[in-house]
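Chains, contacts and geometry: an overview
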Amino acid sequence: MFNEGASFIVLPNKTRVEATLLHDRPRSRIWVLPDGQYVKTVKDSHKVLQNPEADPDLSAWLLRSRRSWYYLTRHKHPGLLVVGDRVYDSYGDEGYLCQGLQVFDLFDHAHPARMSLRAFLRCAIQLSQAVGVMHSAGFVHGDITPGNVCFSQGLPVLIDYEMTVRIGQFVSLQPENSRYRAISCTPECCSPEQVYRQRVQPASDVYCIGLTLLSWLSERFGVGECYWNQTPEQSMALCARAEYPHWKIVESRVRFSNVLGILSKATQLVPCDRYTDGTALTEAFEELIETLSDDELDHPLNQKIQFPSGSFIDNHTLVFEFR
């Protein structure tokens, strides 16, 4: 059915559309179509389309892809990914159409969240609002990281919903099984509850939103780049203790204690010490933006960061994800 070496997407009406492979990830492929739409397919899912028992873990990821697509077709917000039809790629793997988005490196001078304090707060509000929509519907995203937030017209859009679970479940391939010991997380940007394999709540997402916002300011992925050749275990240990190692970098850019206070509360160790959910975090940012003057809101956040020794941030970031 599929021509080896060809790159195309099969639409529901069996039409083949030329496609360009943009990213080949361990568990998925990202394609772009001539009209600018993107496609995300579950890698190797063709192996379990007819027989899910052939690979239970792969079947679980395909089921998660279908569930996340189903959720996104029914819950709308500018900060949630817009999805289209379910499709197949030239490998025979299943996926779905979605909107095209911009991706910015954390150290990009033109990063939308660092153009000014106003831009940062607008981005923080949209991301928190979007996650609040998920929380109101009874879900925890489970993998909010700088790598899973893209941009459209200068504002963030959350992607990658395959780790999403219902509130009170475990972020794992078996979210209801208390004896299933494996965890799913991005080591540099996960909540303490994920590391300790505890049931997650909306406050768990709040912690990861906080780390994502801090990453935009520090230009470092979560708690990464704290140690030389940092291991996933070292990263998860920092997250487990709620130790954010780049506060001084953040403070050098944002000198407003009220902004830092919100970010600090969002990343507290104990969930009950954080904002309860995305909506509560949104309200905190909205109240803050009303209290700041135009001069304060226009304060730029994209200046270079210099350490006392005279060296600058190492912009190389390695991201290791437990999947």
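Residues numbered from 1 in each chain as written. Predicted model: local features only at pLDDT ≥ 70, side-chain atom pairs only at ≥ 80, totals over all residues. Heavy atoms only, no water.

Quick word on the pairing of strand 6 (residues 83–89)
Operational definition: Think of it this way: DSSP has to see at least two bridges between two strands before they count as a pair. Secondary structure elements are taken from DSSP: a helix is a run of H or I of four residues or more, a strand is a run of E of two residues or more, and numbering for both begins at the N terminus.
Inspection of the sheet shows strand 1 (residues 8–10) paired to strand 6 by two bridges, in the antiparallel sense. Residue isoleucine 9 lies in a different strand from strand 6, and its bridge partner there is aspartate 89. In terms of strand pairing, strand 6 meets strand 7 (residues 94–98) through four bridges, oriented antiparallel. Note on strand 7: the bridge partner recorded for arginine 86 is tyrosine 96. Taking the residues that link successive antiparallel strands as the turn, the strand 6-strand 7 hairpin has four residues, and the phi of glycine 92 there is positive, at about 85 degrees.

Description of the side chain of serine 172
To keep things clear, this is the line we draw: Whether two residues are in contact is decided by their heavy atoms, any of which lying within 4.5 Å being enough.
With respect to the helices and strands, serine 172 occurs in the loop between strand 11 (165–166) and helix 3 (192–195). Those residues in contact with serine 172, other than ones at most four positions away along the chain, are Arg64, Tyr180, Ala182, Ser184 and Arg197.

Notes on the layout of surface pockets
Worth spelling out the cut-off: Using a grid of 1 Å spacing that covers the protein atoms alone, one calls a set of points a cavity when a 1.4 Å probe fits there but cannot get out, and a pocket when the set is open and has protein on both sides within 12 Å along at least five of seven lines; lining residues are those with an atom within 4 Å of a point. Grid points are joined across faces, edges and corners, and a volume is the space filled by probe spheres set on the points. Amino acids are sorted into nonpolar (Ala, Val, Leu, Ile, Met, Phe, Trp, Tyr, Cys and Pro), charged (Asp, Glu, Lys and Arg) and polar (every other residue, Gly among them).
Roughly 490 Å³ of internal volume is contained in the second largest pocket. Surrounding the second largest pocket, 20 residues form its lining, Arg67, Phe139, Thr164, Val165 and Gln169 being those nearest its centre. Listed by contribution, the elements that provide at least two residues to the lining of the second largest pocket are helix 1 (56–74) and strand 11. For the lining of the second largest pocket, the element with the most residues is helix 1, which contributes eight residues. Partitioning the lining of the second largest pocket into residue classes produces 10 nonpolar, five polar and five charged.

Some points on the packing of aromatic side chains
What counts here: Stacked, tilted and edge-to-face pairs are distinguished by plane angle, under 30 degrees for stacked and over 60 for edge-to-face with tilted covering the rest, among Phe, Tyr and Trp rings (Trp via its six-membered ring) whose centres lie within 6.5 Å. Burial here depends on accessible area, computed with a 1.4 Å probe over protein chains only, as a share of the maximum for the residue type. Under 20% is buried, over 50% is exposed, and the range in between is partly exposed. Here, over-ring charges are defined by two tests on the NZ atom of lysine or the CZ atom of arginine: distance to the ring centre within 6 Å, and angle to the ring normal within 35 degrees.
In total, this model carries six aromatic pairs according to the counting rule given. Ring plane angle 50 degrees and centroid distance 5.8 Å describe the contact between phenylalanine 151 and tryptophan 216, whose orientation is recorded as tilted. With phenylalanine 151 in strand 9 (residues 149–152) and tryptophan 216 in helix 4 (residues 202–218), this residue pair connects regions lying 65 residues apart in the sequence. Looking at tryptophan 216, the relative accessible area reads 1%, which means it is buried. The structure contains a cluster of three or more aromatic residues connected by ring pairs, namely Phe104, Phe120, Phe151 and Trp216. Arginine 27 extends its terminal NZ or CZ atom over the ring of tryptophan 61, reaching a point 3.7 Å from the ring centre. In this structure, arginine 197 is placed above the aromatic ring of phenylalanine 170, and the distance from its NZ or CZ to the ring centre is 4.1 Å.

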